[in-house]
Structures are given as C-alpha cells and as structure tokens.
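Letter by letter, the chains look like this.
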Amino acid sequence: MNSKYCSTLETPIGMLMIFANEQFISEITFTERESDGISANELTKLAARQLDKYFAGTLKIFDLPLKQSGTNFQQEVWQSLLNIEYATTLSYAKFSEVKPLAIRAIATANGKNKIAIAIPCHRVIGRSGKLVGYAGGLWRKKWLLQHERDVAQKGQTEFKF
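Heads up: these notes are all about the structure in this document.

### Quick notes on the packing of aromatic side chains
A complete count under the given rule lists four aromatic pairs for this structure. Centroid distance Y54 to F55: 5.3 Å. Interplanar angle 85 degrees. Geometry classified as edge-to-face. Considered together, Y54 and F55 belong to a single accessibility category, that of buried residues. Cluster of aromatic residues (ring-pair linked, three or more members): Y54, F55, F62, Y86 and W143. It is R140 that lies over the ring of F30; its NZ or CZ is 4.3 Å from the centre.

Next comes the structure, spelled out in structure tokens:
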C-alpha cells in the first residue's frame, strides 16, 4: 500500500505522523521529525481533526477508513482491537481467549499495529494489570489509558504499579 500523503499533529504526548493514500489511512505513528515535505490530503486532515478531538476528550470512537498491510491473521487481530471499548482494558490472556494457543502471535500482531490510537492497541495490558509492550513507549500507553479513564470518569483515577 503506497502512502502518498502525510499530516503531522502535535499532541500532548508528542508529534504524530498520519499517512494515507487516496482511500485509506495506513499509518498513525509517533515521530520526532516533520513529514519531509509530503503534502496532506483530506483523509490525513480528517484523521488529524479526529485525533485533536480525541485528545480534547470529545471523541471516543474514530470514524476513519483504515487499512494497513499485514497478514490475514494480523488483520483479524487489528479488527478485534476495534471492539475494545473506550476507557476499557483487556489483558493479553483475555484478548486471546478465542485462540488461547495463539497468545504470542496475537501479542506480536498487536505490536505490529501501525495505526496508533485509532486502532487501540494501547488498551491491551498484561495479565496482572501491568502495562506491557507499546511501540510508542509505556509512558504514552499510561497517558492514553489515564486520559480515557479521566474523560469517561471511569475506574481508577490513576494507575498504580
């Protein structure tokens, strides 16, 4: 999938780059650099607006055409991530209940998700409630989960580990 367009967005937890082609958002990733002159399109601008609303606490469910390259199994895992409700966490064990022997493969597919936040891989945590594995860094995962709980006024007000 060729990503021809890019928008950058400054967020409370760092800069995001949003990549798309004419039809789909293919990547939302944390970065330390600008987009190197790649121009935005309507999809990358739409994603930036929705992410702004997410960080402002006024958007809980993204409405974006998303498509990233991956195996059928990875696609299935990423699709399942979309079913985890806002301000809710699931352990890897719980998330993989339908395929318990595939827990490692599921964790690996989760780690290969290139569409941060909109495909909420940050909502999957360790069995004991511990934060594990997040490509953007565990401090960002903690911030995202705390943000969602604060907005939803749900659960703990702060994660204790």
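From this point, things continue past the structure.
### Focus on the sheet that holds strand 1 (residues 5–11)
An order of 1-2-3 is seen for the three strands of this open sheet, with the pairing classed as antiparallel. Edge strands, defined here as strands with exactly one partner in the open sheet, are strand 1 and strand 3 (25–31). Taking each pair of neighbouring strands and ignoring which way they run, the sheet shows an average axis angle of 20 degrees. Looking at chain direction, strand 1 and strand 2 (residues 14–20) are connected through seven bridges and run antiparallel. Within strand 2, the position partnered with Y5 by the bridge is A20.

### Section: helix 2 (residues 72–81)
Turning to helix 2, its buried residues number three or more, namely Q74, V77, W78 and L81. Axial view of helix 2: buried residues confined to an arc of 95 degrees, hence all on one face. Structural note: helix 2 exposes N72 and Q79 on the side pointing more than 90 degrees away from its buried face. Summarising the contacts, the buried residues of helix 2 are in contact with helix 3 (92–95), helix 4 (103–111) and strand 5 (124–125).

### Side note on the pairing of strand 2
Of all seven residues in strand 2, seven are buried; the element is thus mostly enclosed. As paired strands, strand 2 and strand 3 are joined by six bridges and run antiparallel to one another. Looking across to strand 3, one finds that M15 is bridged to T31. Between strand 2 and strand 3, which pair antiparallel one after the other, the connecting turn spans four residues.

### Focus on the nonpolar core
Counting residues in hydrophobic clusters, the biggest one holds 37 residues, and the most contacted among them are I28, L51, Y54, F62, L81 and I117. Elements represented by at least two residues in this core include exactly strand 2, strand 3, helix 1 (42–56), helix 2, helix 3 and helix 4. When residues in this core are grouped by element, the largest group, six residues, is from helix 1. The residues contacting L81, other than those within four sequence positions of it, are F95, N110, I119, P120, C121 and V124.

### A look at the pattern of salt bridges
Counted under the stated rule, the structure contains four salt bridges. Two residues, E42 and K45, come together in a salt bridge whose shortest N-O distance is 3.9 Å. One end of the pair is E42 and the other is K45, both in helix 1 and three residues apart, which spans about a single turn. For K94, the salt bridge is made with E97, and the minimal N-O distance between the two is 3.5 Å. Overall, the relative accessible area of 44% leaves K94 in the partly exposed class.

The rules behind each value
- Residues numbered from 1 in each chain as written.
- Predicted model: local features only at pLDDT ≥ 70, side-chain atom pairs only at ≥ 80, totals over all residues.
- Heavy atoms only, no water.
- Phe/Tyr/Trp six-rings, centres within 6.5 Å; stacked < 30°, edge-to-face > 60°.
- Buried < 20%, exposed > 50% of the residue type's maximum accessible area, 1.4 Å probe, protein only.
- Lys NZ or Arg CZ within 6 Å of the ring centre and 35° of its normal.
- Pairing = 2+ DSSP bridges.
- Helix = DSSP H or I, 4+ residues; strand = E, 2+ residues; numbered from the N terminus.
- Axes fitted to C-alpha atoms, helices over the stretch in contact; angles between N-to-C directions.
- Arc of directions from axis to C-beta.
- Contact = heavy atoms within 4.5 Å.
- Core = buried A, V, L, I, M, F, W, Y, C linked by side-chain atoms within 4.5 Å.
- Salt bridge = Lys/Arg side-chain N within 4 Å of Asp/Glu carboxyl O.

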